[in-house]
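A structural walkthrough
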Amino acid sequence: MSAARKPTDGLLARVNFPLYAIEMLTSRHVLVAGGGGASKTGVANGFEIYEIYHDGEKYVADEVIRHETGPTVVMNCAVKNDEKRTLLMAGQESHCQMYLVNTIIDSGEYSPSASTTGNKPDSEGLRKRRSISQQRSVPLNAAGATATTPPPPGVAGDAKKSDDGKQPTGNRKQIRFEIKTADSVQTDFTEAEPLQRVVRISPNGRLMATGGMDGHLRVWNFPKMTIASDIAAHTKEIDDLDFSPDSKHVVSIAKDGLGVIWSINPDKESRKLVWSPPANCRYLMKRCRYGLVEGQKDKFRLFTLANPFAKAGKAKGLLQQWDPDAGRLTGVVEIDESLAALAVRDDGRFVAIGTMFSGSVSIYIAFSMQRVLHVPNAHAMFVTGLEFLPVTNFDGPAITGDTEAAVLSISVDNRICVHSLPYRHSLPAWVAIIAIICILFLTFCFCSYVGL
């Protein structure tokens, strides 16, 4: 049975452009991207960074910085961070644009009288302003061409370090981001309207994979962005890609109906994802994500979304679980509508899906495919992206609250929402065994007392 939606869940932030991509920048900062395109509608293009924390009652998002990308909308992106730097790869029409996102921690006492820069972009296209949650907490500070955010929980000056995800008070270090434009490379070469559809970075940070309208799977040496492999993988546009956790394989799905797992070195087809659709209905895969198997570092699961092709009557959308080593379908969950977004938590324990028509969000247990949370009509339109709040990041303590899991969702309705799974209270097996023994013993004593 699915858990009920918490009353404190829902809208985290609202931006003034449609959202198409979401990525966790750090363990506490989320990046959302999108825009209105090249048409002169007055809708901006770019991305925004928010700090997420839990104030003891609910999740809160504070805007950190906004970067506008001129006439090019950001339709997809990928992030790779390490202890030295963070690289953002953004799909902008036929090219993949690299941005350097430098994190700077300033020491010093926070001054509540610090001024903000308002809502005007600076000379580099950066926009710094206060969010709704900041108006009731801490204002942003300005530092040249960068924005300063309230310090993330767990980063403090004279105050004690916070490990519970709550916003600390007192003398604190402050964090700000510097965003610089770097190299760009063309990744799609369709003659009519070239467009990069997806970009992914391998977990080991050495490779980048891109797919677009021309159906080619291109693997790049990262971060040099020199071509390593150019595979004519599909006859139609690629919808999604993902690297395996060991960075040895990449899976691609496209509108030609194929799902293929490719070996990286050497670059060759490893196996196709073959299955028998229900009721002789034609299905097209929409999204794909690898996930770890809990407790097994070398074993993975693969999850895909499949939708009925064209008008298929009452055919349902499918959440599918695969054994990628055998290319074998191991589990299927039917959903009453077509599906649009997919995410797997970094520890592989939970899977989230977003729907196409109702804008609903659901969370499933990865190994059993049991639904444990359902949020109907989370968005007014289809869900374009999902991202779990991480639990295994190296760059600081994870955001904690009174929830077992939390997923962020975005849509073209311009909203960022949070959906959390309350802890599921169950009786441990050893307690149940002791209780049964006690009941049997008491029953025996009672029967002996009455002479039975």
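Residues numbered from 1 in each chain as written. Predicted model: local features only at pLDDT ≥ 70, side-chain atom pairs only at ≥ 80, totals over all residues. Heavy atoms only, no water.

Further remarks concern the overall build of the chain. Within the chain, the secondary structure is distributed over two helices and 31 strands. Counting the 452 residues in the chain, one finds 54% classified as buried. Here the chain has roughly 20700 Å² of accessible surface; of this, 53% comes from carbon and sulfur atoms. (Helix = DSSP H or I, 4+ residues; strand = E, 2+ residues; numbered from the N terminus. Buried < 20%, exposed > 50% of the residue type's maximum accessible area, 1.4 Å probe, protein only. Areas by Shrake-Rupley, 256 points an atom, 1.4 Å probe, with all protein chains shown as cover.)

As a further point, take the pairing of strand E2 (residues 19-24). For E2, the buried fraction is high: five of the six residues fall into the buried class. The pairing of E2 with strand E3 (residues 29-35) spans five bridges and is antiparallel. By the bridge assignment for E3, Met-24 is matched with Val-30. (Pairing = 2+ DSSP bridges.)

UniProt's entry tags residues 199-221 and 231-272 with the feature "repeat: WD" (unreviewed entry), counted in the numbering of this structure. The annotated region residues 199-221 carries 0% helix and 61% strand content, and the separation between its end C-alpha atoms amounts to 13 Å. (UniProt positions renumbered as here; feature names shortened; annotations may be inferred.)

Here the focus is the sheet that holds strand E16 (residues 226-231). Two strands in a sheet stick together by hydrogen bonds in their backbones, pointing the same way (parallel) or opposite ways (antiparallel). Strand order across the open sheet formed by four strands is E13-E14-E15-E16, with antiparallel pairing between neighbours. Here the strands that pair on one side only, and so sit at the sheet edges, are strand E13 (196-201) and E16. Taking the axes of each pair of neighbouring strands and ignoring which way they run, one obtains an average angle of 20 degrees across the sheet. (Axes fitted to C-alpha atoms, helices over the stretch in contact; angles between N-to-C directions.)

Let us now look at the sheet that holds strand E22 (residues 296-308). In spatial order, the strands read E21-E22-E23-E24; together these four strands make up an open sheet with antiparallel pairing. Sheet topology places strand E21 (283-293) and strand E24 (328-335) at the edges, where each strand pairs with a single neighbour. Direction aside, the axes of adjacent strands within the sheet are offset by 20 degrees on average. Relative to strand E23 (residues 317-323), E22 runs antiparallel, the two being bridged by five bridges. By the bridge assignment, Ala-306 is partnered in E23 with Leu-318.

Turning our eyes to something else, we now look at the packing of aromatic side chains. In total, this model carries two aromatic pairs according to the counting rule given. Centroid distance Phe-47 to Tyr-99: 5.3 Å. Interplanar angle 70 degrees. Geometry classified as edge-to-face. One end of the pair, Phe-47, is in strand E4 (residues 45-54); the other, Tyr-99, is in strand E8 (residues 95-106), with 52 residues separating them in the sequence. Seen from their ring centres, Trp-275 and Tyr-283 are 5.6 Å apart, and the 65 degrees between their planes marks the pair as edge-to-face. Judged by its relative accessible area of 19%, Trp-275 is buried. Residue Tyr-283 is classed as buried on the basis of its relative accessible area, which comes to 8%. The ring of Phe-309 carries the charged tip of Arg-282 above its face, separated from the ring centre by 4.2 Å. (Phe/Tyr/Trp six-rings, centres within 6.5 Å; stacked < 30°, edge-to-face > 60°. Lys NZ or Arg CZ within 6 Å of the ring centre and 35° of its normal.)

Another aspect to go through is the nonpolar core. Within the largest apolar cluster, 21 residues are counted, with the highest numbers of intra-cluster contacts made by Leu-12, Tyr-50, Ile-52, Tyr-59, Leu-389, Leu-408 and Ile-416. The set of elements that each furnish at least two residues to this core consists of strand E1 (10-14), E2, E3, E4, strand E5 (59-68), strand E30 (403-411) and strand E31 (415-422). (Core = buried A, V, L, I, M, F, W, Y, C linked by side-chain atoms within 4.5 Å.)

Here Cys-417 is to be found in strand E31. Each C-alpha atom, one on Cys-417 and one on Tyr-59, is 9.9 Å from the other, the two residues being 358 residues apart in sequence. Contacts of Cys-417, omitting those with residues within four sequence positions, involve Gly-10, Leu-11, Leu-12, Ala-378, His-379, Val-407, Leu-408 and Ser-409. (Contact = heavy atoms within 4.5 Å.)

Where nonpolar side chains cluster on the molecular surface, the patch consists of Phe-446, Tyr-449, Val-450 and Leu-452 and spans about 550 Å² of accessible area. Structurally, Phe-446 can be placed in helix H2 (residues 429-449). (Patch = residues over 30% accessible without salt bridge, like charges linked within 9 Å, V, L, I, M, F, W, Y side chains within 5 Å. Salt bridge = Lys/Arg side-chain N within 4 Å of Asp/Glu carboxyl O.)

On average, residues of the chain carry a pLDDT of 83, and 79% of them reach 70 or more. The low-confidence segment residues 109-165, where pLDDT is below 50, has 143 contacts with residues more than four positions distant or belonging to other chains. (pLDDT = per-residue confidence, 0-100.)

A separate point is the pairing of strand E28 (residues 371-375). Of the strand pairs in this sheet, strand E27 (residues 361-365) and E28 are connected by four bridges, and their pairing is antiparallel. Bridge pairing links Ile-363 to Leu-373 in E28.

Turning next to unusual backbone geometry. Residue Pro-223 is reached from Phe-222 by a cis peptide bond, and omega for that bond is 10 degrees. Considering the arrangement of structural elements, one finds Pro-223 in the loop between strand E15 (217-221) and E16. Positive phi values are uncommon outside glycine, yet Met-225 reaches one of about 60 degrees. Along the polypeptide, Met-225 turns up in the loop between E15 and E16.

The next point concerns the side chain of Lys-286. Relative to the elements of secondary structure, Lys-286 occurs in strand E21. One buried charged residue, Lys-286, remains without a salt bridge, the closest side chain of opposite sign being Asp-239 at 5.0 Å. Here Lys-286 is in contact with Asp-239, Asp-240, Ile-253, Leu-305, Ala-306, Asn-307, Leu-339, Ala-340 and Met-356, once residues within four sequence places are set aside. (Lys, Arg positive; Asp, Glu negative; His and termini not counted.)

Here Arg-301 lies in strand E22. Beyond its immediate sequence surroundings of up to four residues, Arg-301 is in contact with Arg-289, Tyr-290, Gly-291, Leu-292, Val-293, Gln-321, Trp-322, Pro-324, Gly-348, Ala-366 and Phe-367.

Below, the discussion takes up the pattern of salt bridges. Taken as a whole and assessed by the stated rule, the structure comprises 19 salt bridges. Asp-230 is paired through a salt bridge with Arg-218; the nearest N and O atoms lie 3.3 Å apart. Separated by twelve residues along the polypeptide, Asp-230 in strand E16 and Arg-218 in strand E15 bring together distant segments of the chain. Members of the salt-bridge network, linked through shared partners, are Arg-197, Glu-237, Asp-239 and Lys-255.

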